[in-house]
Amino acid sequence: MTGGAVPGPDGAPRCPWGLSTPDYLPYHDGEWGRPVHGDDALFERLSLEAFQSGLSWITILRRREGFRRAFAGFRIAAVAAFTEADRERLLADEGIIRNRAKVDATLANARVLAGWEPGELDELVWSHAPDPAARPAPRTLADVPAVTPESTALAKALKRRGIRFVGPTTAYALMQACGLVDDHLAECVARTPRPAPGAAPAPAAR
């Protein structure tokens, strides 16, 4: 789909992908593009985006609660303490994507992040948020990039710090999902209105 916003069940215009299956609608309207802060929350999103690599996001979204149960709510300290028995449990868990490389990367990333200072992941990720005025609101899905200079820089920064299974495309998907960029189409009802010229920016939710 490369068109513009289309009417949803309530008649309001939305991004076409948000209407492609009923499971997407609440995620599109209430989560995607909304700011996400906190190390554990960002670790969850980073992990799920890595699991999504090569798959459709709906595959991950429908298993998200299974992932949360399997990975102890994505609490970094808890996942960092997982044992070999936990790894084998994950590889046998039908509620998640049982990809050995992705499971191993998630466990390794938790161990790396457990050694960071509190708030360090949040600070690193959000330091790569671009100026919202630097790119006009996309009119159609064809206007939405898959990779940007900022996502390339974020992927490189994470890799330098030992984070695995994150490339520029995964990093940009993370930026979209966590509100570093707002890629809702210009006419989409879920797009966050820009502040009036000269208005002070709203504080980030934490």
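Refer to the structure printed above.
Residues numbered from 1 in each chain as written. Predicted model: local features only at pLDDT ≥ 70, side-chain atom pairs only at ≥ 80, totals over all residues. Heavy atoms only, no water.

Asker: Would you explain the overall build of the protein in this entry?
Answerer: Of regular secondary structure, the protein possesses 10 helices and 2 strands. Each helix (α) and strand (β) of the protein, taken in turn from the N terminus, gives the series β-β-α-α-α-α-α-α-α-α-α-α. Its C-alpha atoms give the protein a radius of gyration of 17 Å, near enough to 17 Å, the size a compact globule of 206 residues would have. If one aligns the C-alpha atoms of the protein with their principal axes, the spans along those axes are about 50 × 35 × 25 Å. Burial analysis of the protein (206 residues in total) assigns 46% to the buried set. Long-range pairs, those at least 24 residues apart, make up 67% of the contacts in the protein with a sequence separation of at least 6. Averaging the positions of the 25 positive and the 25 negative side-chain charges in the protein gives two centres separated by 3 Å. (Helix = DSSP H or I, 4+ residues; strand = E, 2+ residues; numbered from the N terminus. Rg over C-alpha atoms; globule rule 2.2 N^0.38 Å. Buried < 20%, exposed > 50% of the residue type's maximum accessible area, 1.4 Å probe, protein only. Contact = heavy atoms within 4.5 Å. Lys, Arg positive; Asp, Glu negative; His and termini not counted. Charge placed at Lys NZ, Arg CZ, Asp CG, Glu CD.)

Asker: Sorry, what's going on with the nonpolar core here?
Answerer: Inside soluble globular proteins, nonpolar side chains tend to come together where they are buried. If you look at the biggest cluster of nonpolar residues, it comprises 55 residues, and the most contacted ones within it are Phe43, Phe67, Phe71, Leu90, Leu121, Leu154 and Leu158. Leave out the neighbours within four places in its chain, and Leu90 touches Ala70, Phe71, Phe82, Ile96, Arg98, Val103 and Leu107. (Core = buried A, V, L, I, M, F, W, Y, C linked by side-chain atoms within 4.5 Å.)

Asker: Before we go on, may I ask you to explain helix α9 (residues 149–160) in this structure?
Answerer: What sets the pattern is the α-helix's 3.6 residues per turn: residues three or four places apart point alike. For α9, which comprises 12 residues, the first-to-last C-alpha distance of 16 Å matches the rise-based estimate of 16 Å (1.5 Å per residue) to within 8%. Ser151, Leu154, Ala155, Ala157 and Leu158 are the residues of α9 that are buried. Summarising the axial view, the buried residues of α9 lie within an arc of 165°, below the 170-degree limit, and thus occupy one face. When the buried face of α9 is taken as reference, the exposed residues oriented beyond 90 degrees from it are Pro149 and Arg160. Against α2 (39–52), α8 (120–126) and α10 (168–177) lie the buried residues of α9. Of the residues trailing α9, Gly162 is marked for its positive phi of about 100°. (Expected span 1.5 Å × (residues − 1). Arc of directions from axis to C-beta.)

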